[in-house]
Amino acid sequence: MSNEELTSLSKSACDMITEASAVAERLARDIASVASVSKDDKSPVTVADFAVQAIVGLRLRDCPVVDMVGEEDASRLRTDDSLLQEVINAVRTTIPDAQAHDILDAIDSGNHEGGSSGRFWTLDPIDGTKGFLRGGQFALALALINEGVVEMGVLGLSHWGIDVDPSGATVRPPGSLCMAIRGSGARGWSIDRPDQAIDLKVADWNSDSTLRTCESVESGHSSHDASASIVEIFSGHEAVRLDSQTKYAVVASGAADAYLRLPTRPGYIERIWDHAAGALVATEAGAIVTDIHGRELDFSHGRGLEHNRGVICSVPGAHQRIIDRIAEIGLS
Ligand code: AMP
Ligand code: MG
């Protein structure tokens, strides 16, 4: 793929995520009135998840790459008129003439199977839906994959600023965007100041430093006990828990030194949309991103990271020590 083409696709991706983030943020501010239902795997899905996937699906129709591996599908909306109406209302706040059948088809355009050939997008419309529902952190994540390799990634980080406290707890900034193109570095900016982007770079860390980690709020998504036994070998440690791929951006911006995602149950396969954009942003900012056994994340096996287990994203100096410690405690 030529540089010009990648630059042009990255601009489109940033525009789509900026537009859809505004819709998601508006819904988040009135969370009590946002409808949510349970999926087959018991995880929640909300009007915001469907609306964001619809907006991106509709905007991709004007893009040279249309295939998308998206987290959601429209089957539930096809049998639930009141939920569909809420999704239509949300989409129409930014695309006023969007019709129901176009919205449903745009959501279902996320049914691509991924794999090792051709170009496709992967989208997590609301990553951290549980965080979204409890007023916490969430992210919109869109990445472009070419022949199994992530070439570009964009994160729309809700109320989190690249220049504020990593938990985002003390202030509620308007949100940020982070974008990376493979081989060209990572940039971040406040969503209301796109002209003031900064280069993202991981923290300088040496073995005498405290290891500042981040991990999921949900102990079912990453083992909190295992992370405690991993970090105890460092000279000091502190952890922040937050939802979504914002954790990759926290490491990329130097506000934490490592993001640990440690398996909680046998057989769970990480989904590509939960990692593609974030992992590239962190890698391009200088982090090392692998699974818990030190293997590179392999995005060429369809909708799941079938050949990986968990994720370790860390400043270079600490990465191997974390992997060694994982082997020592026998985590698999
Ligand atoms: P986080 O916000 O980092 O806790 O991650 C949210 C993502 O975790 C969701 O988008 C799910 O796809 C994913 N997830 C669901 N179940 C698990 C699990 N057992 N282990 C790891 N991730 C999971
Ligand atoms: Mg997700």
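These lines cover the structure that appears in this document, whether it is placed above or below. (Residues numbered from 1 in each chain as written. Chains lettered and ligands numbered in written order. Predicted model: local features only at pLDDT ≥ 70, side-chain atom pairs only at ≥ 80, totals over all residues. Heavy atoms only, no water.)

### Here we look at the packing of helix H2 (residues 47–60) against helix H4 (residues 81–92)
Here H2 crosses H4 at 55°, and the two axes come no closer than 9 Å. In terms of orientation, H2 lies oblique with respect to H4. As H2 packs across H4, the resulting crossing turns out to be right-handed. Residues Val47, Phe50, Ala51, Ala54, Ile55 and Leu58 of H2 form the contact with H4, whose own contacting residues are Leu83, Glu86, Val87, Ala90 and Val91. In terms of residue class, the contact of H2 with H4 is built from ten nonpolar, no polar and one charged. (Axes fitted to C-alpha atoms, helices over the stretch in contact; angles between N-to-C directions. Helix = DSSP H or I, 4+ residues; strand = E, 2+ residues; numbered from the N terminus. Parallel < 35°, antiparallel > 145°, perpendicular 65-115°, else oblique. Left-handed = near helix turned anticlockwise from the far one by under 90°. Contact = heavy atoms within 4.5 Å. Nonpolar A, V, L, I, M, F, W, Y, C, P; charged D, E, K, R; others polar.)

### Some points on the coordination of the magnesium ion (ligand 2)
Expected angles at a metal are 109.5 degrees for tetrahedral coordination by four donors and either 90 or 180 degrees for octahedral coordination by six donors. Only Asp124 (OD), Asp127 (OD) and Asp274 (OD) from the protein coordinate the magnesium ion (ligand 2), and they sit 2.0 to 2.3 Å from it. When the donors of the magnesium ion (ligand 2) are listed by position in the chain, the intervening gaps give D-x2-D-x146-D. With Asp127 in strand E4 (residues 119–127) and Asp274 in the loop between strand E12 (258–261) and helix H9 (276–284), this residue pair connects regions lying 147 residues apart in the sequence. With respect to burial, Asp127 and Asp274 carry one shared label: buried. (Donors = N, O, S within 2.8 Å, 3.2 Å for Na, K, Ca; no water. Buried < 20%, exposed > 50% of the residue type's maximum accessible area, 1.4 Å probe, protein only.)

### Examining the pattern of salt bridges
Per the stated rule, a full pass over the model turns up 20 salt bridges. The residue Lys39 makes a salt bridge to Glu72 at a minimum N-O spacing of 3.1 Å. Of this pair, Lys39 sits in the loop between strand E1 (36–38) and strand E2 (44–46) while Glu72 sits in the loop between strand E3 (68–70) and helix H3 (75–78); the two residues are 33 residues apart in sequence, bridging distant segments of the chain. For Lys39, a relative accessible area of 23% puts it in the partly exposed group. Relative accessible area serves as the criterion here: at 4%, Glu72 is assigned to the buried category. Each of Lys39, Glu71 and Glu72 takes part in salt bridges that share partners, so that together they form one network. (Salt bridge = Lys/Arg side-chain N within 4 Å of Asp/Glu carboxyl O.)

### Overview of the site of ligand 1
Taken together, 15 residues are adjacent to ligand 1, and Ser216, His221, Ser244, Lys247 and Asp274 come closest. Between Ser244 and ligand 1, the recorded distance is 2.6 Å, taken from a backbone N or O atom to an oxygen atom. A distance of 3.1 Å separates a nitrogen atom of ligand 1 from a polar atom in the side chain of Tyr268. For ligand 1, whose accessible area on its own is 500 Å², the fraction buried by protein is 86%. Each residue belonging to the shell around ligand 1 can be placed in one class, and the counts come to one nonpolar, six polar and eight charged. (Near = heavy atom within 4 Å. Polar contact = N/O pair within 3.5 Å; in protein donor to acceptor, adjacent residues only side chain to side chain. Areas by Shrake-Rupley, 256 points an atom, 1.4 Å probe, with all protein chains shown as cover.)

Nothing here speaks to function; it is geometry throughout.
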